[in-house]
Amino acid sequence: MELRQIGTALAEVQRGGKICIISDRNVASLYMDICRESLEEAGYGVWEYVLPPGEASKNGTNYLRILEYLAAVPFTRSDGIVALGGGMVGDLAGFAAATYMRGINVYQVPTTLLAAVDSSVGGKTAIDLPSGKNLAGAFHQPKLVLQDSRLLNTLPSDVYREGMAEVIKYGMIHDRKLFKRLENPTEVRNSLDEVIETCVGIKKEYVEADEFDRGLRHKLNFGHTLGHAMEQAEGYRLSHGDAVAKGMYWITRISAEQGWCSRETLAALEQLLRKYDFNLTLPENREEIYRILCSDKKRQGDTIRMVIPEEVGRCAIREFHIREVKDLL
Ligand SMILES: NC(=O)c1ccc[n+]([C@@H]2O[C@H](COP(=O)([O-])OP(=O)(O)OC[C@H]3O[C@@H](n4cnc5c(N)ncnc54)[C@H](O)[C@@H]3O)[C@@H](O)[C@H]2O)c1
């Protein structure tokens with residue numbers, strides 16, 4: 001569906017009332033008008049809240065400002081929020097929607113590849129705290145996700161690449177055929193709708209089986225445990241997608257060294273990640289990565305849970321004692 005049809009699409013899930021479109025400056029300059037006009041034509045009262053772009057905006061201050069903004073209008077429980085943007089906007093707007101008046105509807109309009117295949121689906125919302133990423137959040141399913149892959153045509157190439165890390169993740173954990181397909185980047189770019197649909201299908205399967213992330217859904221975190229620790233150790237100068245790519249590569253390299261997967265599996269992943277120009281170097285500050293991995297937030301008692309690749313298209317969840325993690329790193 002196209003963004004200019006959002007008014008019609010919303011009419012199915014919210015009858016009249018107000019909509020607050022939350023976006024960042026880059027996305028708003030490209031798509032705010034189309035979104036606003038479509039909603040106004042459908043009879044909604046439309047408000048806009050625009051944030052500076054970048055992960056630094058996904059913080060507690062902006063979260064409270066949004067709540068105050070909604071309260072000042074005022075928004076009621078029958079009004080809704082459109083999250084128009086990438087994962088940063090989706091997570092922050094989603095968390096505001098989850099908590100404003102104990103929950104109002106959120107409608108996700110992903111504008112990055114990462115948001116299209118991952119963050120807009122599944123209902124995880126969050127903000128970052130000074131002591132770590134996504135430390136305050138809630139599960140809050142969007143009432144609607146409007147996928148319009150044309151919006152991705154304006155993505156800077158780095159941001160597109162970062163989204164590919166999550167696409168490669170789906171191939172590695174679940175879908176050998178998808179993994180093979182990704183070996184041709186031009187074909188992927190030309191059939192993005194199908195690729196997004198495949199990824200969203202996989203994500204839905206895991207989320208439906210384990211909405212609150214108590215078991216199976218954890219497999220979606222392949223590459224993320226190490227990746228998040230690297231992101232934080234680098235003070236978030238490393239993007240989420242680049243960190244996930246490094247995380248997937250290094251956990252697979254460790255797995256190949258330990259005999260949990262074959263050298264061929266590692267070689268296939270490395271080749272694919274390099275095809276999309278990912279830098280796979282491990283950040284220098286390994287002690288800091290280890291410290292973050294072992295911080296209370298990442299641990300269950302004395303163990304850390306990580307997703308281990310078994311072969312392309314198959315993975316397993318494994319618990320490690322923290323001493324073992326130090327040796328592995
Ligand atoms: N909730 C979840 O399940 C989940 C899953 C994965 C990641 N995340 C979160 O997602 C965030 C990362 O999301 P992201 O990679 O989409 O980054 P982002 O939202 O910060 O967007 C990256 C950049 O692209 C720009 N941009 C977005 N859409 C554009 C477009 N169509 N054209 C031109 N520029 C555009 C943005 O302005 C920004 O500068 C992180 O905070 C991460 O924690 C959440």
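All values derive from a computational prediction rather than experimental measurement. (Residues numbered from 1 in each chain as written. Predicted model: local features only at pLDDT ≥ 70, side-chain atom pairs only at ≥ 80, totals over all residues. Heavy atoms only, no water.)

**Quick look at the site of the ligand**
For step 1, the next point in the chain: Lining the immediate surroundings of the ligand are 27 residues, of which Asp24, Glu55, Thr111, Thr112 and Thr154 lie closest.
For step 2, the next point in the chain: Glycine 87 places a main-chain nitrogen or oxygen 2.8 Å from an oxygen atom of the ligand.
For step 3, the next point in the chain: With respect to the ligand, the side chain of aspartate 91 contributes an N or O atom lying 2.9 Å from a nitrogen atom.
For step 4, the next point in the chain: Against a free-state accessible area of 870 Å², the protein chains account for coverage of 89% of the ligand.
For step 5, the next point in the chain: Residue assignment for the shell around the ligand shows that the elements contributing at least two residues are α2 (25-41), α4 (87-99), α5 (113-119) and β6 (132-139).
For step 6, the next point in the chain: Per-element tally for the shell around the ligand: the top contributor is α2, with 4 residues.
For step 7, the next point in the chain: Classifying every residue of the shell around the ligand by side-chain character gives 10 nonpolar, 9 polar and 8 charged. (Near = heavy atom within 4 Å. Polar contact = N/O pair within 3.5 Å; in protein donor to acceptor, adjacent residues only side chain to side chain. Areas by Shrake-Rupley, 256 points an atom, 1.4 Å probe, with all protein chains shown as cover. Helix = DSSP H or I, 4+ residues; strand = E, 2+ residues; numbered from the N terminus. Nonpolar A, V, L, I, M, F, W, Y, C, P; charged D, E, K, R; others polar.)

**Here's the deal with the pattern of salt bridges**
For step 1, the next point in the chain: Going through the model one piece at a time under the given rule, you end up with 26 salt bridges.
For step 2, the next point in the chain: One salt bridge in this structure joins lysine 58 and glutamate 55, with 3.7 Å as the shortest N-O distance.
For step 3, the next point in the chain: Since its relative accessible area comes to 3%, lysine 58 is described here as buried.
For step 4, the next point in the chain: Under the relative-accessibility criterion, glutamate 55 is labelled partly exposed at 29%.
For step 5, the next point in the chain: As a salt-bridge pair, glutamate 257 and arginine 253 come within 3.7 Å of each other at their nearest N and O atoms. Here the residue glutamate 257 and the residue arginine 253 both occupy positions in helix α11 (residues 240-258), the gap between them amounting to 4 residues, near one helical turn.
For step 6, the next point in the chain: On the basis of relative accessibility, which here comes to 49%, the residue glutamate 257 falls in the partly exposed class.
For step 7, the next point in the chain: Judged by relative accessible area, arginine 253 falls into the partly exposed class, the value being 29%.
For step 8, the next point in the chain: Connected through shared salt-bridge partners, Glu55, Lys58, Asp91, Asp128, Lys133 and Glu231 make up one network. (Salt bridge = Lys/Arg side-chain N within 4 Å of Asp/Glu carboxyl O. Buried < 20%, exposed > 50% of the residue type's maximum accessible area, 1.4 Å probe, protein only.)

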